Amino acid sequence: MLYRKFYEQAYHKYLNEENINDYILRVLIMEVQGMTGDMSEFFLRDEELKNEEVINSYIERVIKGEPYQYVINKAKFLDNTFYVDQNVLIPRLETEELIINLIKNVKNKYGDRKINICDIGTGSGCIAISLKRALENAEVFASDISIAALNVAKKNADNLGTKVNFLVGNMLEPIIESNIKFDVLVSNPPYIQNKKEVDKSVLDYEPHLALFAENGIDYYEIILKDVARIMNSNSLIAFEFNYDQKDKIEELIKKYIKDAEYLFYMDFDNKWRYVIISIK
C-alpha cells in the first residue's frame, strides 16, 4: 500500500479520536518512511509504506495518550530537531518565544562581545543549544539536577554539532562552584503548583521533577536570592513562568535585585509568560 493511501484510510478511521489528528498522522508516517524534510515532502512524494506494523504501533501509543514527540523521540524547537524522551520536557512554543526575544535583547545589549550564558534546569538542552547557535561569541553553560536529562542534552549538542558546557547539580549550586561570572542567565524551572492544571498526557508521561513546584515560585526565589554571586554588572536574566505568577515574580525581583529594570511579556495566547530583567 502507498503511504498516502494508508494516511487517507487512517485519517477517516481515527477522525474522532481525541489524541490524534491529521498532522500527527503525517508526522508518524514520515518518521517510518525516513523522511527528513519539512511537511511538504509528504505531499510531494508517494511510495510503498515501509512498515505498517510499526506505524500502527505508533498510532496506538498516541491514541493511548503518549505524546507523539516521545513516540518518535523528536521535537522541533526553533529551526532544529531535538531528541526527546521521558527524561525531559517536550519543548514548547512559549519557550521559543522567550528565546527569540532573549536573543534580540542579547544582541542589542552586547553586540559581538564575548559573553558567558548559563541555562538553569536545561532538560533537553534546547534553550542552551539554541542560544549558542544564535550567539557564536557566547560561552554557554547549562546545568540540571537530573543526570538522565543531561545525557539527553549532551546527545542533542553532539547531534547538532554545538559546544555547550554541561554541569550536574541543583539550581545555582554547580554554577557557583564553577566560579565563573555570567552576563546572561536564563531558566524555565518547574513552576506548576496545581497538578489539575496540566493535561493528562503531560501528567502521565512528562517528568514531574521538571514540572512541579510546591509553591509555584520556589525555584525563582532560589535563583534570585543568590544570583548576585554569579552575575556580572550590566547583565540579563530571563525567566519563563506560569500565567498566574506575574505579581509574585515581580515581588521577588524587587526583593532581591536593587535598581533592576524588567519587562514582562505575554505569550501567543495573551497570557503573562516570561520576563527579561536587566541588572545595572
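Note: the structure precedes this text.
Residues numbered from 1 in each chain as written. Predicted model: local features only at pLDDT ≥ 70, side-chain atom pairs only at ≥ 80, totals over all residues. Heavy atoms only, no water.

In this section: the sheet that holds strand β7 (residues 231-240). Spatial ordering of the open sheet is given by β5-β4-β3-β6-β7-β9-β8, a layout of 7 strands whose pairing is mixed. Strands at the two margins of the open sheet, each flanked by one partner only, are β5 (165-168) and β8 (261-266). The mean angle between the axes of side-by-side strands here comes to 15 degrees, regardless of whether they run parallel or antiparallel. Both strand β3 (residues 115-120) and strand β4 (residues 138-144) contribute to a ladder of 6 bridges, which runs parallel. Paired with Asp-119 across the bridge in β4 is Ala-142. Against the sheet, helix α8 (residues 147-159) touches β4 and β5, its axis set at about 175 degrees to β5. Taken strand by strand, helix α11 (residues 218-226) contacts β3, β6 (182-187) and β7, and its axis lies near 175 degrees from that of β7. (Pairing = 2+ DSSP bridges. Helix = DSSP H or I, 4+ residues; strand = E, 2+ residues; numbered from the N terminus. Axes fitted to C-alpha atoms, helices over the stretch in contact; angles between N-to-C directions. Contact = heavy atoms within 4.5 Å.)

What follows covers the nonpolar core. Counting 33 residues, the largest nonpolar core has Leu-185, Val-227, Ile-230, Ile-237 and Phe-239 as the members making the most contacts within it. Counting only elements with at least two residues in this core, the list comes to β3, β6, α11, β7, α12 (246-256) and β9 (272-279). Dropping the residues within four chain positions of it, Phe-239 is found in contact with Leu-98, Leu-185, Ser-187, Tyr-220, Ile-223, Leu-224, Arg-273, Tyr-274, Val-275 and Ile-277. One finds Leu-98, Val-140, Ala-157 and Ala-238 within the second-largest nonpolar core, a separate group that totals 32 residues. (Core = buried A, V, L, I, M, F, W, Y, C linked by side-chain atoms within 4.5 Å. Buried < 20%, exposed > 50% of the residue type's maximum accessible area, 1.4 Å probe, protein only.)

The side chains of a regular strand alternate, residue by residue, between the two faces of the sheet. Of all 6 residues that make up β6, 6 are buried, and the element is covered over most of its length. Pairing analysis gives 4 bridges linking β3 to β6, with the strands arranged parallel. By the bridge assignment for β6, Cys-118 is matched with Leu-185.

So, about the pairing of β3. Here β3 lies mainly inside the structure; 5 of its 6 residues are buried. Viewed along the sheet, the connection from β3 through helix α7 (residues 126-134) into β4 turns out right-handed. (Right-handed = clockwise from strand over helix to strand, strands pointing away.)

With the rule as written, the count across this model stands at 15 salt bridges. Among the ionic pairs, Arg-92 bridges to Glu-206, the shortest N-O distance being 2.9 Å. Here the residue Arg-92 occupies a position in the loop between β2 (80-82) and α6 (93-110), and Glu-206 occupies one in the loop between α10 (200-205) and α11, the gap between them amounting to 114 residues. Classification of Glu-206 by relative accessible area gives buried; the value is 4%. (Salt bridge = Lys/Arg side-chain N within 4 Å of Asp/Glu carboxyl O.)

On to a negative patch on the surface. A contiguous patch of negative charge on the surface is contributed by Glu-17, Glu-18, Glu-60 and Asp-199. Checked against the element boundaries, Glu-60 lands in helix α4 (residues 52-63). We classify Glu-60 as partly exposed; its relative accessible area is 38%. (Patch = residues over 30% accessible without salt bridge, like charges linked within 9 Å, V, L, I, M, F, W, Y side chains within 5 Å. Areas by Shrake-Rupley, 256 points an atom, 1.4 Å probe, with all protein chains shown as cover. Lys, Arg positive; Asp, Glu negative; His and termini not counted. Charge placed at Lys NZ, Arg CZ, Asp CG, Glu CD.)

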